[in-house]
Amino acid sequence: MPTKRKTKEDRTAEAFARLYRIGKARSDMKDSDVADALGIKSLMTWRKRRNRPELIPLGDFAKLSVLMQWQDSEVDAFMSLMK
């Protein structure tokens, strides 16, 4: 049986997951800490957004980049996938 081809959303979600894991390790934060910092009351809401990064508002993405200590090159590489 042939393997499923990855969609743009699949590739974007994988790239964000990789970037998020790196950021969590750098900043030593848990998912609940990230949700609190973004002002999201429900951890489930944050997990839904995290799994579908196109749902993350740009302002929250900017906050994440600071919280997670992402480098400009990492953010640029991810944003190029979003186009």
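Let me sum up the structure you'll find in this document. Just so you know, the residues in each chain are numbered from 1, in the order the chain's sequence is written. The predicted origin of the model limits local features to residues at a pLDDT of at least 70 and limits the giving and counting of side-chain atom pairs to 80 or more, whereas totals for whole chains, interfaces and linings rest on all residues. The basis for the side-chain values is all heavy atoms of the structure; hydrogens and waters are excluded.

1. Overview of the overall build of the protein
Helical segments are the DSSP runs of H or I of at least four residues, strand segments are the runs of E of at least two, and each set is numbered from the N terminus. Within the protein, the secondary structure is distributed over five helices and zero strands. The N-to-C order of helical and strand elements in the protein reads α-α-α-α-α. For the protein, the C-alpha radius of gyration of 13 Å lies close to 12 Å, the compact-globule estimate for 83 residues. Structurally, the protein occupies a C-alpha span of about 45 × 30 × 20 Å along its principal axes. Categorising residues by exposure relies on relative accessible area from a 1.4 Å probe, with only protein chains included: less than 20% of the type maximum marks a residue as buried, more than 50% marks it as exposed, and the intermediate range marks it as partly exposed. Burial analysis of the protein (83 residues in total) assigns 31% to the buried set. Across the protein, the fraction of contacts at a sequence separation of at least 24, relative to all contacts at a separation of at least 6, is 60%. Using a 1.4 Å probe, the Shrake-Rupley method yields the accessible areas, and only the shown protein chains count as cover for residues. For the protein, the accessible area works out to roughly 5,800 Å², and carbon and sulfur atoms hold 54% of it. We compute the radius of gyration over the C-alpha atoms and compare it with the globule rule, which gives 2.2 Å times the number of residues raised to the power 0.38. Contact between two residues is taken to exist if any of their heavy atoms lie within 4.5 Å; hydrogens are not considered.

2. Some points on the side chain of E74
For E74, the position within the fold is in helix α5 (residues 72-82). By relative accessible area, E74 is classed as buried at 17%. The contacts of E74, once residues within four sequence positions are left out, are L19, I22 and R26.

3. Here's the deal with the nonpolar core
Among buried residues, the Ala, Val, Leu, Ile, Met, Phe, Trp, Tyr and Cys ones that are joined through side-chain atoms within 4.5 Å form a nonpolar core. Counting 17 residues, the largest nonpolar core has F16, V34, W46, F61, L64 and W70 as the members making the most contacts within it. Only α1 (8-27), α2 (31-38), α4 (58-67) and α5 provide two or more residues apiece to this core. The dominant element in this core, judged by the number of residues it contributes, is α1, at four residues.

4. Side note on the packing of aromatic side chains
Here a pair means two rings of Phe, Tyr or Trp (six-membered ring of Trp) with centres within 6.5 Å. Their orientation is stacked below 30 degrees between planes, edge-to-face above 60, and tilted elsewhere. Applying the stated criterion across every chain, the model contains seven aromatic pairs. Ring plane angle 40° and centroid distance 6.5 Å describe the contact between F16 and F61, whose orientation is recorded as tilted. With F16 in helix α1 and F61 in helix α4, this residue pair connects regions lying 45 residues apart in the sequence. The pair F16 / F61 is uniform in exposure class, with both members buried. Relative to W70, the ring of F16 lies with its centre 6.2 Å away and its plane at 85°, an arrangement referred to as edge-to-face. With F16 in helix α1 and W70 in the loop between α4 and α5, the pair connects residues that are 54 residues apart, well separated along the chain. For W70, a relative accessible area of 7% corresponds to the buried category.

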